[in-house]
Every structure is written in C-alpha cells, then in structure tokens.
Amino acid sequence: MTPALKRLRNSRKKIAQFRTKTGNASKKESPYIPVFVTKTPACQGECPSGTNIRGVLTTIANTERDGRTYHDSFRQAFEIIAANNPFPAVCGRVCPHPCESGCNRQYKDGSLAINNVERFIGDYALRNGFALPAEPAGRREEKIAVVGSGPAGLSAAYQLARRGYAVTVFEAFARPGGMLRYGIPDYRLPQDVLDSEIDRIRSLGVDIRCNVAVGRDILLDDLRREYAAVFLGIGAHAGRSLGLPGEDAANFFTVTHFLNRINSGCTVNVGNKVLVVGGGDAAIDAARICRRLGADVTMVYRRTRNEMPAIESEIVEAEEEGVKFRFLAAPVELLRAGDMITGMRCQSMRLGRPDASGRRRPEPVENDFTELAATAVIAAIGQVPCMQGFESVDSGRGWIRADSTGITVEDGVYSGGDALGLSLVTTSIYQGRIAAAAIDARLRGVRLPVEEKTVIANRFSIYYDHYAASSRNEPASLPLAERMADLQREVVATLDESRIVEECARCMSCGLCFDCGNCWNVCGENVMPLKGRLKGDSAGLATSDCKGCRHCMDECPCGFIEMIDPATGKYIRASMDNSYLV
Ligand code: FAD
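Please read all numbers here as calculations on a predicted model, not as lab measurements.

> How should I be thinking about the pattern of salt bridges in this particular structure?
It is possible for side chains bearing opposite charge to pair when their charged atoms get close. Counted under the stated rule, the structure contains 42 salt bridges. Measuring nitrogen to oxygen at the nearest pair gives 2.9 Å for the salt bridge that ties E562 to K39. Here E562, found in strand β20 (residues 561-565), pairs with K39, found in the loop between β1 (33-36) and β2 (40-41); they are 523 residues apart in sequence, far enough to count as distant. Overall, E562 belongs to the buried group, its relative accessible area being 2%. Accessibility expressed as a relative area gives 4% for K39, which makes it buried. For R224, the salt bridge goes to D221, with nearest N and O atoms at 2.6 Å. One end of the pair is R224 and the other is D221, both in helix α11 (residues 220-226) and three residues apart, which spans about a single turn. Overlapping salt bridges, with partners in common, bring together R188, D285, R288, R292, E314, E317, E320, E321 and R483 in one network.

Structure (structure tokens):
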C-alpha cells in the first residue's frame, strides 16, 4: 500500500472513531444532517486560467450515460475550455499543467493526463472546424486597441471580440503569436497549430496589424485618444545578459535573440560546443535546439536539478537527447581569443537558505573555479520588457505598472502577461481574460462580476476505494534519431480518441455528485433520493428522518456531502491536514 493510501485509510478510521466517540452510530444523537456542497476540484484550483476541468472530463466520461455522441461531447468540452481559453491546442502542448499537480487521483494511481485531454480537444476542434463561442451581445460601438499579439493580447482580443467590440491588435513582429512563435520551438509547438488557433480568433473580426511597433510607428498617446480602452500585452523580449565583459562577441547570444532567429528561419552558427546558462524553459529550448544543430551542449545552472524551473518532462527529454548539465556552477568570466568567446570560467556554488522564491539560494564556494570550453554561449537567465514608448506606464523597475487589481494600469489602460512580470502562457491568457472583463464592465458602466470561489475538494474528502484502479495513459514520443534529424518535427504525439475516453473515465469528479448511488445505499432512513433522482440540491433531502450517522458523508466518493448542524450552522468537512473541521 502506498503511503498516500495508508494516510487515506487512517483518515477513514478517524471518521469511524469520531462517530463512536459522539455515539452517533445508534439513534439520533448527532444534530448534524447531510448537505450537498459543490466544491472546486483540486485540479481547477491549481489552474491559473481557472478552466472548468472537471466539466471537460466528466462531459466526456458521461457521454454514453447521457446519450450523447462523442463528437457532441468533444464539442461541449471545447466550448467549456474556450470560455476561458481560446488556445487549447497550444496549451495542451506547452502548459506545465499545474492542474495535474493538484489532481487528487495522484494519491491512488497517478494524476489524470489533463494536459493531454486539453490537447486532444484542441486538435479535434481544429480538425472539425469548431468556432469559438461568441456571446449574443450584439455589436458594440467602442473600439479597443491591444498592443502585442502574444497569448495575453490575443486572449484579451478574443474575450472583447466575443462581447461585440471592434478590436485592433498592433504587433511589432512580422507574424502574430509572441513567444508562442518566436520563443517556443516548433518541435514543441508546430506553427500550423498556432496559426490555426490565431485564425479562429481573427474570424471573430479581430484585426491583427503586424509590423506596427507602438512607440515607434504609433504612440501610446494616440491609442489612448483614438480607442475607448487599451490593453498592453507587450511581453518581455529583451534577453538579460550575464553582465560580464566580452558579451559583444559574435558567438554570445541572449536566449530571446537566439530563439527568435531560429524560429524566424535564420541560420545561426553555434559551432560544436555550446554552453547554455540557466535552468528554465527557455534555457532547455535553446539547449535542445543546439543539440539538433549538432553541437555538444552543456547547461550551466547555479542550483541543482531539483530547483530547475523548467517543465520536468522537458528536462527529461533534454537528458534523453544528450544535453549535459553542470549544476551548482555560476559564470564569472567569458574567455576570449580575439573577437570570439572560447570558453567560460565558472565558480562552484553550494545551496544556502531558501530565498523569496522558496528555492535554496546558491552561494559561492571560495576559490573553486572550473573552465569550460565553448564555441558559443547562450545566456538564458530571463528577459525584460522593451519599454521604449511605454515610459509613462513604467513601474519604475522596467515593467508595466499595475494597481492592486493586478491588471489596471490607469483609467482605460490595462495590461497582462509577461509585461507585468515573467509568467506562463496560461497566466497570460487568464490576465488577458480578466482585463477584457474589466474593460467591458467599465464601458458598460457596470460592476465587474466577481468570480465565485468555493472550497477545494481536497484528497481527504475523497473515498478512494470506490474507484477501480486504472493507470494513466501516456502519449508516444518520437524516437531519438528522428527527433535529432529535424529541427521542426513535433516530439510528443496527441493521445488517440479511445485513450482520451479511458483517461476521462479516471476522473473522480472531486467535489461534485456523479450519481453513484452510494449515499442512498448506505442510508437506513431513506434521507437520500434514489440513484438517478439526485439533482445536487440538498432541499430535496428528507432530513427530518436523519439520525445524523454520517454514513452518507463517509461513503460519498467525491466529497460532495458534508454534515451541517442547522441550529449552529457548523459543518463537518475534511480539512487539508487530515483532521475534521467541525
Ligand atoms: P509575448 O508572448 O511575449 O507576446 C508579446 C507580443 O508583444 C510579442 O509578439 C511582441 O512582438 C509584441 N510587442 C512587444 N512590444 C511591442 C510594441 N511596442 N508594439 C507592438 N507589439 C509589441 N510558458 C509556458 O507556459 N510553457 C512553456 O513551455 C513556455 N516556454 C517558454 C519558452 C521560451 C523560450 C520563452 C521565452 C518563454 C516560455 N514560456 C512558456 C513563457 C511564455 O511564453 C510567456 O509567459 C508568454 O508568451 C507571455 O505572453 P505575453 O502575451 O505576455 O507576451
């Protein structure tokens, strides 16, 4: 038995002890009666864009029970995702899927492959030409300007266009997509997938004007005057350098510059021995590209593998592809011969106390240096926004400023994504969406609707033994030799339909009744409605007959039933530390 399962069994023992202690196994001694409480599933609680993940998974899982075709379920699932996120095929490929880290199924037999389900739905929607759901609001008079066509800008543009606004997106680069096009390599995110999802946004009437840099070709003040609102999604495209002398060499690159050139189809000569400094997604992408260019690649990182911020599966794939790692090392000098870098001197580091990020701070080890040879050095230690033309909205630290709402710059000007601080695609999509909602509320003169937050269905509220064991479906990866032979070929495949259906059936519907009938089965007093008649509404319960035994709560697999004392309003609910909140 796994330690997690052991903990769960213990938690159920605790309930039994609690029941014996309060003597409620016999007659009506407990004042508590059952109440249905819809909770937020732990997966959704971890999703920065707040996607209704349980809705997606259970829609597919219940297809046959509810008499739908799978095609209809996939369409419904797409519409659920697209309410928050117009990029399921993109996110299904690049999101680090914090939802899966939240998934309660990990304590049984592995988290659901939620990210793969999202990817399948995204691809299915593109193949079948599903349109993005527009709101039946009619056309609005106001024009909105969006600066930047990355995920933040396009998410804002989409959410505004579907509400009827005329949206113009100004993009400095030749093609839209931001870091999705000019940062993330094709082998992770093929350009045709990105193009198709962007075209679907365009088809709502969004006008994307490329090769127009705000601050150079048109001023922010012009946009403030001509548009009812402005959204700034300029991202962070200026790569940070190492701050060492010698970076003017032709074989020194910042990661954004390097990836931009590769993704624009330019030839970049890195030679046969590349050092990549950093441990994030961008560093891994640069390292894997250089392996495909035929170089021997070493990533130099000042912490250890455990602290690397890159997506775990990307690190594993980089290892498989032969990328080497030099951990606990920090560059202190670039070695040069004439105009070119020939190597890098690194100081050894050790880990000290945790810093603000929660990771242990690297500290230099005195007099411990190593020299590494190099034909090119790529600095992948972060990037900052290019603030030229945006000085009036600078936070004072080189980023776009925002007030306590997180997205409001000033009256009529909003922002989101990396321009506010480096984040993720999913976070950028979320910020674009809430900024659009704020713009809409302001222009309509209404209060911004508050997104309802409910209790999270944690692992201690789940009765795991109810669910049959089933292992997680993993997608296939391209064989190593084929990967390395092609800069663009996608490495990871989309799961097929039958495995997606299997995967969705693993969803435990945490926090929402799925009509299993357990509560009815265990209730000796007929408090619970018959299977098939439970509509999720506690009002229909015959609680006057309830003995307060809590069997229904104990046997509810998904944590939907709690007990309440109607006189005091006190609940019994599983808490996060495996005790009971009473
Ligand atoms: P961007 O995507 O950067 O888009 C900003 C856009 O604004 C750009 O197109 C830019 O040209 C345009 N712009 C800038 N200035 C102007 C101007 N003055 N006028 C007009 N247009 C302008 N996140 C993940 O979730 N998963 C990953 O796997 C992942 N991998 C990454 C790999 C790399 C190499 C990098 C660099 C980042 C990665 N990220 C990843 C982070 C993610 O890409 C960003 O968080 C996200 O793209 C930010 O979106 P954004 O819309 O704010 O900015």
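> Would you mind going over the nonpolar core with me for this structure?
Core analysis: the largest hydrophobic core is formed by 66 residues, its most contacted members being F87, I121 and V167. Ranked by residue count, the leading element in this core is helix α15 (residues 425-444), at eight residues. Split by domain, the residues of this core number at least three in each of domain 2 (48-132 + 469-501) and domain 3 (143-237 + 385-444). With residues near it in sequence (within four places) discarded, F87 still touches P151, L154, L194, E197, I198, I201 and I429. Within the second largest apolar cluster, 30 residues are counted, among which are I315, A318, V323 and A380.

> I tried to follow the packing of helix α3 (residues 53-61) against helix α17 (residues 497-505) on my own but got confused; where do I start?
A pair of packed helices is captured by two measures, namely the crossing angle of their axes and the spacing between those axes. Taken N-terminus to C-terminus, the directions of α3 and α17 make an angle of 115°; their axes are 8 Å apart at the nearest point. Classified by the interaxial angle, the pair formed by α3 and α17 is roughly perpendicular. Along this stretch, α3 crosses α17, giving a crossing that reads as left-handed. Across the interface between the two elements, L57, I60 and A61 from α3 touch V501, C504 and A505 from α17. Of the residues assigned to the contact of α3 with α17, the class counts are six nonpolar, no polar and no charged.

Rules behind the numbers
Residues numbered from 1 in each chain as written. Predicted model: local features only at pLDDT ≥ 70, side-chain atom pairs only at ≥ 80, totals over all residues. Heavy atoms only, no water. Salt bridge = Lys/Arg side-chain N within 4 Å of Asp/Glu carboxyl O. Helix = DSSP H or I, 4+ residues; strand = E, 2+ residues; numbered from the N terminus. Buried < 20%, exposed > 50% of the residue type's maximum accessible area, 1.4 Å probe, protein only. Core = buried A, V, L, I, M, F, W, Y, C linked by side-chain atoms within 4.5 Å. Domains from an automatic or database assignment. Contact = heavy atoms within 4.5 Å. Axes fitted to C-alpha atoms, helices over the stretch in contact; angles between N-to-C directions. Parallel < 35°, antiparallel > 145°, perpendicular 65-115°, else oblique. Left-handed = near helix turned anticlockwise from the far one by under 90°. Nonpolar A, V, L, I, M, F, W, Y, C, P; charged D, E, K, R; others polar.

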